[in-house]
Every structure is written in structure tokens, then in C-alpha cells.
Amino acid sequence: MRRADDVSLRRYNSFGVEARAREVVQLDSLSDLEGLNFDPACDLVLGGGSNLLLANDIEGTVFLNRIRGMRILSDRDGIATVEAAAGEIWHSLVLWSLAHGLTGLENLSLIPGLAGAAPLQNIGAYGVELSDVLESVQAWDWQSRERVEFSNTDCQFGYRDSRFKSGDAGRYLVTALRLRLSRQFEPRLTYSGLGEQLAKMEISSPTARQVSQAVIMLRKRKLPDPALVGNAGSFFKNPLVTCEAADSLRSRFPDLPLFAVEGRHCKLGAGWMIEHCGWKGFREGDAGVSERHALVLVNHGHASGGEILALADKVSESVFETFGVRLEPEPRIIRG
Ligand SMILES: Cc1cc2nc3c(=O)[nH]c(=O)nc-3n(C[C@H](O)[C@H](O)[C@H](O)COP(=O)(O)OP(=O)(O)OC[C@H]3O[C@@H](n4cnc5c(N)ncnc54)[C@H](O)[C@@H]3O)c2cc1C
């Protein structure tokens, strides 16, 4: 465990905004947790910093989760249970599983961040969500100061949501994930762009590694690289509305993308709505909306968290005025 006082968090968040922490504690092993306290009102657990916007300094302690390790716990009848410690880089875990002949994570290739944050918002991409392969989450309960385990159902996963992000936010530190991966590959290519990318690569019956490569190529083309321009991926969730509300919007906006989900609800394409309102490529100082993808807000250099948040509010307000639908941010906004 290492400690430092008055630390700049600029290199710890993918937006690259400046904010300071009173103290930073790096966790290297589970035993580090035993003597520590956590106050959700002023402390913060940080993974790769790719799903938050620091709109203020952190008055308390930032815990950097760097607990490492990946292993196969069981491997029978074509199904393996893999355990990954929370401090592993998510994409390294995807590549490691593929190198061990295990499939299930390929569609989730190249999502930035660490494994420990993956259950927080039930990461998802290209038609697959973490909840499709997650067996259980190991966590540290800051309140009762003991190790706890949550089954897939206990995690209360939803679209970009879980108990760790909503009802129990700040109560648990995720220490490890157990994933159920398969030795028999079943491609999931329902996301249309993925099939098209594989066709471009002249691959008709892809292996899991080829699906991973196709996802990597698509992501590199579509999303700005945080190493070059600060961002946190999609800044807004696709809003969920009743199918009746979606149909009524469709009659006014025939090109509005809709995706049917369970329970007579539909997801609306937030990126399309933002682009329709004219925001794509917009820039105000160093805060902007990506030219590549209207759902991604970017820091062109020295924007503050507050400036990015102010732009997000304007985007959201104009979408509400046009469509009558409220956009909800996907990253966690840290207001201090
Ligand atoms: C270019 C880009 C593309 C992206 N694409 C996708 C995508 O396709 N799909 C998707 O779902 N997301 C995507 N994201 C968002 C992000 O990568 C994921 O949400 C990722 O899981 C965040 O991991 P992190 O370690 O960076 O989390 P952080 O940003 O460090 O933390 C996010 C939240 O989780 C909490 N947290 C972190 N670690 C722990 C822990 N061990 N225990 C308890 N709480 C913890 C933090 O306190 C914070 O509230 C993208 C981001 C970027 C920049």
C-alpha cells in the first residue's frame, strides 16, 4: 500500500481534467483494506478513471485499486470459471481469456478501464453485456468490514446499471470478478456493424479472436482515443421510454433509431438525437462534442470538469426541448 498527499488526478481520469485529491492510497492487496475507512460523501474508489467526470476536487481519500491476478478456477465440460482481480486492465483480461481458448468476452474488447469497475455499470458493447457471462462479484463491505460475494442475480444488473452504481453506491469495493466462459464459441453478431466489419475482412465463420479484432477495428474507427483527446466514451445513456412514446416520437422523427427492450420499453438513439440538434463537432473553449460520435463529449486540452458539465447540460436541455426526453449521464459526475 502506498500513500501520497495533495495529488493531481489529471493522469488518473480519461477526460484529462485537472482536480486534486487531499490524499491518494494505492491498494495492492486485499489485506490493505482491513485498517481503512471509507466515507462515500468525500472519498472515491478509482479504477482507470474512464467513466467519471471530476467536476471538483476530492476533499477526502482516493483509493486506487491495483489488486492484480487472473486465474482459471475450474475447467470442465467446455465451461471454465475465471477469476480476475479488480485491478486488472479489462482489455488485458479479454485478451488473456482468448489466449486460453476461452470465449464470451470478445464483443467487449477494448473497453477502457479496470475489471473492478465492469460490474458497476454492467459494461456492454456490440450486443453483449457483462451480466451475460458474470458468475459472481467478490467485494469488500466498507460498513461491516468483511468480504462478501454477490451472485449474478444479487448484482441487480440493468442497462448500464447495478446495485453497486445505484441502491448500494459507495458501500462496496469490488475486489474480484468470476466469469463463466466457454470453450465452444458461439458468435454473437446481432449488432449489424459487426457483421459488416467481418464481411469487409472477408470472414464468414469467424473465430472468437477474429470477432475481437473486428470489434477493436470498429471501436478505433468510431471512438476518439482518450490518449489523444480526453473523453469518457458515451456521455449519455440511450433513454428508455414506453413503446407508445417511442412510436409517437417516430411519427415526428421517422429516422430516430429505436431498439426494443424487455417489458414494452424502447431505447432511443441518444447519439442521433444529439446530432439532430446540431451538436456534433460543436466546441466551446476546450469542451466539445466529438466530431466522430455525437454521444461523446471531449476535452480538447484544458477544459475543466465544470466546463464539460456545463456543455453536457446545454446538450441535454436542447434534446429535451426538441424531443421532450431527458438524457441521463452515463459516467459518474463527481461534484465534490
Ligand atoms: C473511449 C471509451 C469508450 C468506452 N466504451 C464503453 C463501452 O463500450 N461500454 C461501456 O459499458 N463502457 C464504456 N466506456 C466507459 C468505461 O470504460 C467503463 O464504464 C469502465 O468499466 C470504467 O472502468 P474504470 O476502471 O475506468 O472505472 P472508473 O472510471 O475508475 O470508475 C467508474 C465508477 O466505478 C467506481 N469503481 C471503480 N472501481 C471500483 C471498484 N473496484 N469497486 C467499487 N467501485 C469502483 C468508481 O468509484 C466510479 O463510480 C468507455 C469509456 C471510454 C473512455
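Residues numbered from 1 in each chain as written. Predicted model: local features only at pLDDT ≥ 70, side-chain atom pairs only at ≥ 80, totals over all residues. Heavy atoms only, no water.

Asks: Requested: an account of the layout of surface pockets, with residues and values cited.
Replies: In this model, the second largest pocket occupies a volume close to 220 Å³. Lining the second largest pocket are 13 residues, and of these Thr103, Gly104, Val133, Ser182 and Arg188 lie nearest its centre. For the lining of the second largest pocket, the element with the highest residue contribution is strand S12 (residues 172-182), accounting for three residues. Among the residues making up the lining of the second largest pocket, the classes are represented as four nonpolar, four polar and five charged. (1 Å grid on protein atoms, 1.4 Å probe; cavity = no way out; pocket = protein on both sides within 12 Å on 5 of 7 lines; lining within 4 Å. Points joined across faces, edges and corners; volume = space filled by probe spheres on them. Helix = DSSP H or I, 4+ residues; strand = E, 2+ residues; numbered from the N terminus. Nonpolar A, V, L, I, M, F, W, Y, C, P; charged D, E, K, R; others polar.)

Asks: Go over the nonpolar core, please, and point to the residues and values.
Replies: In terms of nonpolar packing, the biggest core is built from 48 residues, with Leu54, Val62 and Ile274 touching the most fellow members. With seven residues, the top contributor of residues to this core is helix H6 (residues 305-323). Each of domain 1 (2-65) and domain 3 (230-334) gives at least three residues to this core. If we skip the residues at most four places from it in the chain, valine 62 touches Leu9, Ala21, Glu23, Val24, Val25, Leu44 and Leu46. Judged by nonpolar contacts, the second largest core, of 40 residues, contains Val82, Ile123, Val137 and Val211. (Core = buried A, V, L, I, M, F, W, Y, C linked by side-chain atoms within 4.5 Å. Buried < 20%, exposed > 50% of the residue type's maximum accessible area, 1.4 Å probe, protein only. Domains from an automatic or database assignment. Contact = heavy atoms within 4.5 Å.)

Asks: How would you sum up the side chain of serine 182? Please name residues and give values.
Replies: Tracing the backbone shows serine 182 in strand S12. Accessibility expressed as a relative area gives 17% for serine 182, which makes it buried. At 2.9 Å, the side chain of serine 182 forms a polar contact with the backbone oxygen of glutamine 184. (Polar contact = N/O pair within 3.5 Å; in protein donor to acceptor, adjacent residues only side chain to side chain.)

Asks: Tell me about the site of the ligand, residues and numbers included.
Replies: Looking at the ligand, there are 35 residues lining it, with Val45, Gly47, Gly48, Ser50 and Arg219 nearest. Within the backbone of glycine 49, one N or O atom sits 2.8 Å away from an oxygen atom of the ligand. In the complex, 93% of the free accessible area of the ligand, which totals 980 Å², lies under the protein chains. Elements supplying a minimum of two residues to the shell around the ligand: strand S3 (44-46), strand S8 (124-125), S12 and strand S13 (230-234). (Near = heavy atom within 4 Å. Areas by Shrake-Rupley, 256 points an atom, 1.4 Å probe, with all protein chains shown as cover.)

Asks: An account of the sheet that holds strand S15 (residues 258-261) is needed here, citing residue identities and associated values.
Replies: The strand order across the open sheet formed by three strands is S14-S16-S15, and the pairing between neighbours is antiparallel. Of all strands in the sheet, those bounded by a partner on one side alone are strand S14 (240-242) and S15. Between one strand axis and the next, the sheet turns by 40° as a mean value, whatever way the strands run. Bridging between S15 and strand S16 (residues 265-268) involves four bridges; their strand directions are antiparallel. Among the inter-strand pairings, alanine 260 is bridged to a residue of S16, identified as cysteine 266. Helix-sheet contacts for helix H4 (residues 243-252) involve S14, S15 and S16, and the interaxial angle to S14 is about 95°. (Pairing = 2+ DSSP bridges. Axes fitted to C-alpha atoms, helices over the stretch in contact; angles between N-to-C directions.)

Asks: An account of the packing of helix H1 (residues 90-99) against helix H3 (residues 208-222) is requested, with residue identities and associated values reported.
Replies: At a minimum axis distance of 10 Å, the contact between H1 and H3 shows a crossing angle of 155°. Considering the angle they form, H1 stands roughly antiparallel to H3. In the crossing of H1 with H3, the sense of the turn from one axis to the other is left-handed. When H1 is examined against H3, the residues His91, Leu95, Leu98 and Ala99 are found in contact with a partner set consisting of Ala208, Arg209, Ser212 and Ile216. Taken together, the residues that form the contact of H1 with H3 break down as five nonpolar, two polar and one charged. (Parallel < 35°, antiparallel > 145°, perpendicular 65-115°, else oblique. Left-handed = near helix turned anticlockwise from the far one by under 90°.)

Asks: Summarise the domain arrangement of the protein chain; cite the residues concerned and give the values.
Replies: The figure often quoted for interface size is the accessible area lost as the parts come together. Taken domain by domain, the protein chain consists of domain 1 (2-65), domain 2 (70-182) and domain 3 (230-334). Using only C-alpha atoms to locate each centre, domain 1 and domain 2 end up separated by 21 Å. The partner domain 2 presents 14 residues to the 16 residues of domain 1 that form the contact. Carbon and sulfur atoms supply 63% of the area buried between domain 1 and domain 2, which totals about 1,300 Å² over both sides. Ranking the residues of domain 1 by area buried against domain 2 places Leu30, Leu33 and Asn65 at the top, with a combined share of 39%. Put simply, domain 1 and domain 2 have zero salt bridges between them. (Buried area = accessible area lost by both parts, 1.4 Å probe. Salt bridge = Lys/Arg side-chain N within 4 Å of Asp/Glu carboxyl O.)

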